Amino acid sequence: MGPLFRGFFSMYPDCHSCNLKFEREQGYFVGAIYINYGATAIIMIAGFFWLDRFINLSLAQQLTFWSIFGVGFPLFFFRYSRSLWLSLDYIFNPEDTSGRPRESGVS
Ligand SMILES: [Zn+2]
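**Student:** With reference to specific residues and values, describe the nonpolar core.
**Tutor:** In terms of nonpolar packing, the biggest core is built from 11 residues, these being Leu4, Phe5, Met11, Cys15, Leu20, Phe22, Tyr28, Phe29, Ala32, Phe78 and Leu86. Excluding residues that lie within four positions of it along the chain, Phe78 makes contacts with Phe5, Phe8, Phe9 and Asn36.

Laid out in structure tokens, this is it:
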């Protein structure tokens, strides 16, 4: 597998070594946004209760901390969510390099 990203946010159109097309269609990476949003929400909700239980922060401190986290984490996680989405799609909906879906169930 060749590199996915050429900049922090910009991707190569396809894989250098196997020609896998990364963005198969317009809006393809909306799935990655769901992954990113889901991961952020789960960490924020669980983290809120964890901090509330083990560290004595005021509500204002909690809200400040999680507001910053809620902006910063999705930026940090952006690349991971895209590569996760790409690999999940590759596993469950494989495609050959011609752009047509493979016959399922037949090898
Ligand atoms: Zn590859």
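Resuming the write-up.
**Student:** Can you tell me about the pattern of salt bridges, naming the residues and giving the values?
**Tutor:** All told, the structure shown has 1 salt bridge when counted by the stated rule. Of the charged contacts in the structure, one is a salt bridge between Arg24 and Asp89, with a shortest N-O distance of 3.1 Å. Taken together, the residues Arg24 in the segment before helix 1 (30–54) and Asp89 in helix 2 (residues 59–92) connect sequence positions 65 residues apart.

**Student:** Account for the coordination of the zinc ion, with residues named and values stated.
**Tutor:** Surrounding the zinc ion are the protein donor atoms Cys15 (SG) and Cys18 (SG), which sit 2.1 to 2.3 Å from the metal. Residue classification places Cys18 among the partly exposed positions, given a relative accessible area of 38%.

**Student:** Hey, could you go over the environment of Tyr37 for me, with residue numbers and the actual values?
**Tutor:** Inspection of the secondary structure assignment puts Tyr37 in helix 1. Looking at Tyr37, the relative accessible area reads 61%, which means it is exposed. Placed 41 residues apart in sequence, Tyr37 and Phe78 show a C-alpha to C-alpha distance of 9.8 Å.

**Student:** Lay out a nonpolar patch on the surface in plain terms, naming residues and giving numbers.
**Tutor:** On the surface, a nonpolar cluster with roughly 410 Å² of combined accessible area is contributed by Phe8, Phe9, Val71 and Leu75. Here Val71 is to be found in helix 2.

**Student:** Hey, could you go over unusual backbone geometry for me, with residue numbers and the actual values?
**Tutor:** Residues other than glycine seldom take positive phi values, yet Asn19 does so here, at roughly 65°. Note on placement: Asn19 falls in the segment before helix 1.

**Student:** Give me the lowdown on helix 2, citing residues and values where you can.
**Tutor:** Here helix 2 is 34 residues long, yet its end C-alpha atoms lie only 42 Å apart, well below the 50 Å a rise of 1.5 Å per residue gives. Within helix 2, the axis deviates most sharply at Phe78, by approximately 50°. Inspection of helix 2 places Gln62, Trp66, Phe69, Phe73, Phe77, Phe78, Ser81, Arg82, Leu86 and Asp89 among the buried residues, and these make up the whole buried set. Those residues of helix 2 hidden inside the fold are in contact with helix 1.

**Student:** Could you give an account of the packing of aromatic side chains, naming the residues involved and the relevant values?
**Tutor:** Scanning all chains against the criterion turns up 14 aromatic pairs. When the ring of Tyr28 is compared with that of Trp85, the centres are 6.1 Å apart and the planes differ by 55°; the resulting orientation is tilted. With Tyr28 in the segment before helix 1 and Trp85 in helix 2, the pair connects residues that are 57 residues apart, well separated along the chain. What makes Tyr28 buried here is its relative accessible area of 6%. The cationic tip of Arg79 hangs over the ring face of Phe5; the distance from NZ or CZ to the ring centre is 4.5 Å. Here Arg82 stacks its cationic end above the ring of Phe29, 4.2 Å away from the centre of that ring.

Analysis parameters
- Residues numbered from 1 in each chain as written.
- Predicted model: local features only at pLDDT ≥ 70, side-chain atom pairs only at ≥ 80, totals over all residues.
- Heavy atoms only, no water.
- Core = buried A, V, L, I, M, F, W, Y, C linked by side-chain atoms within 4.5 Å.
- Buried < 20%, exposed > 50% of the residue type's maximum accessible area, 1.4 Å probe, protein only.
- Contact = heavy atoms within 4.5 Å.
- Salt bridge = Lys/Arg side-chain N within 4 Å of Asp/Glu carboxyl O.
- Helix = DSSP H or I, 4+ residues; strand = E, 2+ residues; numbered from the N terminus.
- Donors = N, O, S within 2.8 Å, 3.2 Å for Na, K, Ca; no water.
- Patch = residues over 30% accessible without salt bridge, like charges linked within 9 Å, V, L, I, M, F, W, Y side chains within 5 Å.
- Areas by Shrake-Rupley, 256 points an atom, 1.4 Å probe, with all protein chains shown as cover.
- Expected span 1.5 Å × (residues − 1).
- Bend = angle between axes of the 7 residues up to and from the residue.
- Phe/Tyr/Trp six-rings, centres within 6.5 Å; stacked < 30°, edge-to-face > 60°.
- Lys NZ or Arg CZ within 6 Å of the ring centre and 35° of its normal.

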